[in-house]
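For reference, the chains in residue letters:
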Amino acid sequence: MFNGTEGNKAVQNYLPLSNGIYTMQRNGDDVVLMKGKLAEKGYSSFVKKTDMIGFAHGDTFEQFFVKGKEYYLLSGNVREGKGLGRDLVIIEKKILEKSFSKKKFEYKKNSKTYLQMSKLAYANKSGRNNGKSVTRVAGALTADGSTLVMWKQLTEKKGKRMELSLYDMKKIRKIIGGRFEKTLSFGGKLKKELKKACIGSIQKHYYQDDISKRLLHPNESFQSLDIEKNGGGWKIYISSGSEKSNSPLTITRMDVRRKGKGIQYNAFQ
């Protein structure tokens, strides 16, 4: 049984591993990362803890491997006072493990210890910034780490815009070149190469098209994102629910497949 850390908010994410479990618990603009031992009656003994300063809501927490090395995908670059991340971050396991001894791990721009995916307003099939700025981002990986799905909320003069983009992680790893300790700017020198790595995007104006409210940002409160392979395509899941009374929990399923140089989808709730 896990009761969490007193004074903090709900556990937003967890990652079960063969030798234990990680949990991410929201604490204002930061998250508390804890690692626990396996126990006979469940995960009851948490022996390591670190404060992930500036690492946002905790809604993005994924594991993948490159040449036998273990990495984690998280969100960072917090929108202060909102607890929401505006960048995606890739951290090697050994770097994350070191933070337990120091009791904290702080998000820093242009860090040399992890990969920062920045300028995500350009992270779509067109490679253009279709909004003023990114106010929130979340990411998820397929179980084999081959496909990344990125969800973004951007501000515009008339309101908000939602984008959902799929990326070929094999191409992204090739662009990175095996080095995960630098900045990967989607609006910088590698913009054209990253555009080629994009499988396709779905873009909706929140103020024009009600589908974005019902599918990409339902019930006023985005909660989590997941993706799995489905034959030659993918199934994407978006869960949401507002803290307002009588607000329903909604899970959107989007069946996505390739079409020409982009993607098409069917959506269900």
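Residues numbered from 1 in each chain as written. Predicted model: local features only at pLDDT ≥ 70, side-chain atom pairs only at ≥ 80, totals over all residues. Heavy atoms only, no water.

Turning to the confidence of the model for the protein chain, a few remarks are in order. For the protein chain, mean pLDDT is 84; residues scoring 70 or higher make up 86% of the total. Confidence, read as mean pLDDT per element, is least for helix H4 (residues 210–216) in the protein chain (60) and greatest for helix H3 (residues 191–197) (95). (pLDDT = per-residue confidence, 0-100. Helix = DSSP H or I, 4+ residues; strand = E, 2+ residues; numbered from the N terminus.)

This paragraph deals with the sheet that holds strand E15 (residues 222–230). Strand order in this open sheet of 4 strands is E15-E16-E17-E18, and the pairing throughout is antiparallel. The open sheet has two edge strands with one neighbour each: E15 and strand E18 (262–268). The mean inter-strand angle of the sheet, taken between neighbouring strand axes irrespective of direction, is 25 degrees. Sheet topology places E15 next to strand E16 (residues 233–240); 8 bridges connect them, and they run antiparallel. Counterpart to Glu228 in the pairing with E16 is Lys235. (Pairing = 2+ DSSP bridges. Axes fitted to C-alpha atoms, helices over the stretch in contact; angles between N-to-C directions.)

Turning to the nonpolar core, a few remarks are in order. Leu120, Met150, Tyr167, Ile172, Leu184 and Phe186 are the most contacted members of the largest nonpolar core, which has 28 residues in total. When residues of this core are traced back to their parent elements, those giving at least two are strand E5 (61–66), strand E6 (69–79), strand E7 (84–92), strand E9 (115–118), strand E10 (133–141), strand E11 (147–156), helix H2 (169–176) and H3. For this core, the leading source of residues is H2, giving 4 residues. Ignoring any residue separated from it by four or fewer positions in sequence, one finds Leu120 in contact with Arg86, Asp87, Leu88, Val134, Val137, Met150, Lys152 and Phe186. (Core = buried A, V, L, I, M, F, W, Y, C linked by side-chain atoms within 4.5 Å. Buried < 20%, exposed > 50% of the residue type's maximum accessible area, 1.4 Å probe, protein only. Contact = heavy atoms within 4.5 Å.)

What follows concerns the pattern of salt bridges. Enumeration over the complete set of coordinates arrives at 8 salt bridges. In this structure, the salt-bridge partner of Lys35 is Glu97, at a minimum N-O distance of 3.1 Å. Taken together, the residues span a long stretch of sequence, with Lys35 in strand E3 (residues 30–37) and Glu97 in helix H1 (residues 93–102) at a distance of 62 residues. Comparing Lys35 with Glu97, the two get one shared label, buried. For Glu97, the salt bridge identified is with Lys48, shortest N-O distance 3.4 Å. You can see Glu97 sitting in helix H1 and its partner Lys48 sitting in strand E4 (residues 45–53), a full 49 residues away along the chain. Salt bridges linked by common partners bring Lys35, Lys48 and Glu97 together as one network. (Salt bridge = Lys/Arg side-chain N within 4 Å of Asp/Glu carboxyl O.)

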